[in-house]
Amino acid sequence: MATLASQLFGRLVRYRNRGYDRGRFGVARLPAPVVSVGNLSVGGTAKTPAVIALAQGLRARGYRVDVLTRGYGRPTRRPVILDPAQPAPPEAGDEPRLIARHAQVPVLVDADRFRAGLEGERIFHSTVHLLDDGLQHRQLARSFELVMLDPADLDDFLLPRGRLRETPAALARAAAVVVLASPAALGLHAAVLARLRRFTAAPVYYAHKAPRLAAPAPQRPLAFCGLARPASFWTALDALNVKPAACRSFRDHHRYSRHDLRRLRQWAEQSQADGFVTTEKDACNLPPEAAQLLAPCAVVAVDLVIAAFDDLLQRIENACNLPEPGA
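Residues numbered from 1 in each chain as written. Predicted model: local features only at pLDDT ≥ 70, side-chain atom pairs only at ≥ 80, totals over all residues. Heavy atoms only, no water.

**Focus: helix 7 (residues 258–270)**
Right, on to step 1. Counted at 1.5 Å a residue, the expected span for helix 7 with its 13 residues is 18 Å, and the 19 Å between its end C-alpha atoms agrees.
Right, on to step 2. Restricting attention to buried positions, one finds in helix 7 the residues Asp-260, Leu-261, Leu-264, Trp-267 and Ala-268. Looking down the long axis of helix 7, one finds its buried residues gathered within 125° of arc, a one-sided arrangement. With respect to the buried face of helix 7, the exposed residues turned more than 90 degrees away are Arg-258, Glu-269 and Gln-270. (Helix = DSSP H or I, 4+ residues; strand = E, 2+ residues; numbered from the N terminus. Expected span 1.5 Å × (residues − 1). Buried < 20%, exposed > 50% of the residue type's maximum accessible area, 1.4 Å probe, protein only. Arc of directions from axis to C-beta.)

Right under this line is the structure:
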């Protein structure tokens, strides 16, 4: 049944893409250039850290950057504008709040990304837009298509059998590909590159996640997260030498209730944990009473380290024909 459903999904994806490729479906174009950051799968390829890194890099070069995002998993569909100089409301969603906090750029949360972009240019005089999770959002024209890729995506299946929203053939639209791989995995780099060349001639960059703790974690914490790929968090804890007493996962973008907090405390007692550890994204989705009920709770943040990052930024500048900073 899952295989048949995946085949049907694949036909719908191919029909939709042909419509855009042949100009049958309309595409809106913003006055300022758009840099799309997307992926093939339903999550877990560091799109949010990539958006933050690009926003920081372009802002450091003097450009006025904003981020356009749907804000998946948030509790409302109402458009929200996050000004980094102002407190971020919870209804903006977890990832938009993280982007605004770390990138220090405006984040416009709206299902209509064209409308959001116009608002960004009107209010913040943005000279370049970063389109979060944009590979499948073909309704908005872009000047640069950056695709984040986990090597496992090359062997996966389309939804619902697998995790892919598009097959690797979609990499043909990429202006650049960023592959998540350890710097030490040189053999993996070569193997992945050889496979990628079947789909794209775009330049390939390599990146790895760099987890960090804002404060020391308990000795035996209960680890919990609501991520598309929870295993990535368990791997991050291992890299930080954090040894959880037990691990619990929830669905991606899970918004924690008081009942969840009680369950977490019960699990911690059952496993004789001496505290908690979670992701920065999950910390955004905890209710205020978690500060008392889940104490102590360490929070793990994740940075993305992109090799040859300056070269990638230069490619973006050239492709977007960005104006002189401050112009």
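**Brief notes about unusual backbone geometry**
Right, on to step 1. Along the chain, Leu-159 connects to Pro-160 via a cis peptide bond; the corresponding omega equals -5°.
Right, on to step 2. Of note, Pro-160 is situated in the loop between strand 6 (144–149) and strand 7 (176–180).
Right, on to step 3. With an omega of -10°, the peptide bond between Ala-295 and Pro-296 qualifies as cis.
Right, on to step 4. Tracing the sequence through the fold places Pro-296 in the loop between helix 9 (290–293) and strand 12 (297–306).
Right, on to step 5. A positive phi is found at Asp-133, a non-glycine position, where the angle reads about 55°.
Right, on to step 6. Here Asp-133 lies in the loop between strand 5 (128–132) and strand 6.
Right, on to step 7. The exposure class assigned to Asp-133 is partly exposed, which follows from its relative accessible area of 22%.
Right, on to step 8. Non-glycine residue Gln-272 carries a positive phi angle of around 60°.
Right, on to step 9. Mapped onto the elements of the fold, Gln-272 is located in the loop between helix 7 and strand 11 (276–279).

**Considering the sheet that holds strand 9 (residues 222–225)**
Right, on to step 1. Strands sit in the order 3-4-2-5-1-6-7-8-12-11-9-10 across an open sheet of twelve strands; the sheet is mixed. What marks the edges here is a single partner per strand, and that holds for strand 3 (80–82) and strand 10 (246–249). The sheet shows a mean angle of 25° between the axes of neighbouring strands, direction not considered.
Right, on to step 2. The pairing of strand 9 with strand 10 spans four bridges and is parallel. Its bridge partner lying in strand 10, Cys-225 is registered against Ser-249. (Pairing = 2+ DSSP bridges. Axes fitted to C-alpha atoms, helices over the stretch in contact; angles between N-to-C directions.)

**Here we look at the state of the cysteines**
Right, on to step 1. Counting across every chain of the model gives zero disulfides.
Right, on to step 2. Free of any disulfide, Cys-247 has its nearest cysteine sulfur in Cys-225, 8.2 Å distant.
Right, on to step 3. A residue is classified by how much of its surface remains accessible, and Cys-247, at 34% relative accessible area, is partly exposed.
Right, on to step 4. Summary of cysteine pairing: Cys-284 is not part of a disulfide, and the nearest cysteine sulfur, belonging to Cys-297, is at 12 Å. (Disulfide = S-S within 2.5 Å.)

**Examining the pairing of strand 12**
Right, on to step 1. One ladder, built from seven bridges, connects strand 8 (residues 204–213) with strand 12; its direction is antiparallel. Its bridge partner being in strand 12, Leu-213 is matched across the sheet by Val-300.
Right, on to step 2. In terms of strand pairing, strand 11 meets strand 12 through four bridges, oriented parallel. Residue pairing in the sheet places Thr-278 in a bridge with Val-299 of strand 12.

**Describing the environment of Ala-184**
Right, on to step 1. Relative to the helices and strands, Ala-184 resides in the loop between strand 7 and helix 5 (186–196).
Right, on to step 2. When the C-alpha positions of Ala-184 and Ala-298 are compared, they lie 28 Å apart, and in sequence the two are 114 residues distant.

**Details of the environment of Pro-296**
Right, on to step 1. A residue is classified by how much of its surface remains accessible, and Pro-296, at 47% relative accessible area, is partly exposed.
Right, on to step 2. Apart from residues lying up to four places away in sequence, Pro-296 is in contact with Pro-218, Asp-274, Gly-275 and Phe-276. (Contact = heavy atoms within 4.5 Å.)

**Description of the pattern of salt bridges**
Right, on to step 1. The tally for this structure, following the rule as stated, stands at 20 salt bridges.
Right, on to step 2. Between Arg-61 and Glu-317 there is a salt bridge; the shortest N-O distance is 2.4 Å. Separated by 256 residues along the polypeptide, Arg-61 in the loop between helix 2 (47–60) and strand 2 (65–69) and Glu-317 in helix 10 (residues 309–320) bring together distant segments of the chain.
Right, on to step 3. Note on Arg-61: relative accessible area 26%, which makes it partly exposed.
Right, on to step 4. Residue Glu-317 is classed as buried on the basis of its relative accessible area of 12%.
Right, on to step 5. With a shortest N-O distance of 3.0 Å, Arg-229 and Asp-150 are connected by a salt bridge. Of the two residues, Arg-229 sits in the loop between strand 9 and helix 6 (230–239) while Asp-150 sits in the loop between strand 6 and strand 7, which places them 79 residues apart along the sequence. (Salt bridge = Lys/Arg side-chain N within 4 Å of Asp/Glu carboxyl O.)

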